[in-house]
Amino acid sequence: MVSTSYPREFAFWRPKDNEWTKISSALNPREADRRSYDIAYYKGQFYIVERDGRVLVCDIDDPKNAKARVAVTEMTMDPVSMDHFRQFYLVESAGALLLVFRFWGTSRSLGFRVFEVPLSTGNWSDLEEIHSLGNRALFLSFNNSSFSIEPSF
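First, a word on scope: everything that follows refers to the structure included in this document. (Residues numbered from 1 in each chain as written. Predicted model: local features only at pLDDT ≥ 70, side-chain atom pairs only at ≥ 80, totals over all residues. Heavy atoms only, no water.)

In space, the four strands of this open sheet follow the order E8-E9-E10-E11, with antiparallel pairing throughout. Both edges of this open sheet fall to strand E8 (85-93) and strand E11 (128-130), since each of them pairs with a single strand only. Each adjacent strand pair in this sheet contributes to an overall mean axis angle of 35 degrees, direction not counted. (Pairing = 2+ DSSP bridges. Helix = DSSP H or I, 4+ residues; strand = E, 2+ residues; numbered from the N terminus. Axes fitted to C-alpha atoms, helices over the stretch in contact; angles between N-to-C directions.)

Below is the structure:
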């Protein structure tokens, strides 16, 4: 089980643990105000996406030294104009970890863009936008509970 506390605290609890274990995610004291948008469990690890698109992976094998490290660097290009508000979501779909980029104006969503997280290279310069989900549907949540399904018709 994972708990998040806005803006930047993450903790986990496992059966037989007596207390929650905090994950150290401040990689540098000057980054203490970085905002994390979402967390997802993918292939046995927890991943966190921050406001600039940087993706962290949580090393929790040693509960006394649980920490997050950079898996994918921050986005150097913004998929949409900075004139819009934005939100990132992480969701596993059909074996891939996806980053959903939602942008909106003052009163409504203006659109979504979906990208596969480049875990193999760790760099958004290899940005691969997903233009079709096939038969899959994504459900996005502000509460770290986004998921994907393949409905049967």
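Still more to cover.
Here we have four strands laid out as an open sheet, ordered E4-E5-E6-E7, and antiparallel in their pairing. A strand with exactly one partner marks an edge of an open sheet, and here the two such strands are strand E4 (36-42) and strand E7 (67-72). Taking the axes of each pair of neighbouring strands and ignoring which way they run, one obtains an average angle of 30 degrees across the sheet. Of the strand pairs in this sheet, E4 and strand E5 (residues 45-50) are connected by six bridges, and their pairing is antiparallel. Bridge assignment links Ala40 to a residue of E5, and that residue is Tyr47.

Take the nonpolar core next. Counting residues in each nonpolar core, the largest one holds 18 residues, and the members touching the most others are Tyr47, Val55, Leu90, Leu97, Leu99, Val117 and Trp124. Of all the secondary structure elements, the ones that give two or more residues to this core are E4, E5, strand E6 (55-59), E7, E8 and strand E9 (96-104). Sort the elements by how many residues they give to this core and E9 lands first, with four residues. Setting aside anything within four residues of it in sequence, one finds Val55 in contact with Tyr47, Ile48, Val49, Arg69, Val70, Ala71, Val72, Val117 and Trp124. Grouped together as the second largest cluster of nonpolar side chains are eleven residues, Phe12, Ile48, Ile60 and Ala66 included. (Core = buried A, V, L, I, M, F, W, Y, C linked by side-chain atoms within 4.5 Å. Buried < 20%, exposed > 50% of the residue type's maximum accessible area, 1.4 Å probe, protein only. Contact = heavy atoms within 4.5 Å.)

The subject of this paragraph is the pattern of salt bridges. Evaluated as defined, the whole model comprises four salt bridges. Its salt-bridge partner being Glu50, residue Arg54 comes within 2.8 Å of it at the nearest N-O pair. Of the two residues, Arg54 and Glu50, neither departs from the other in class, the shared state being buried. Here Arg69 ties to Asp59 by a salt bridge, and the two come within 3.2 Å at their closest N and O atoms. (Salt bridge = Lys/Arg side-chain N within 4 Å of Asp/Glu carboxyl O.)

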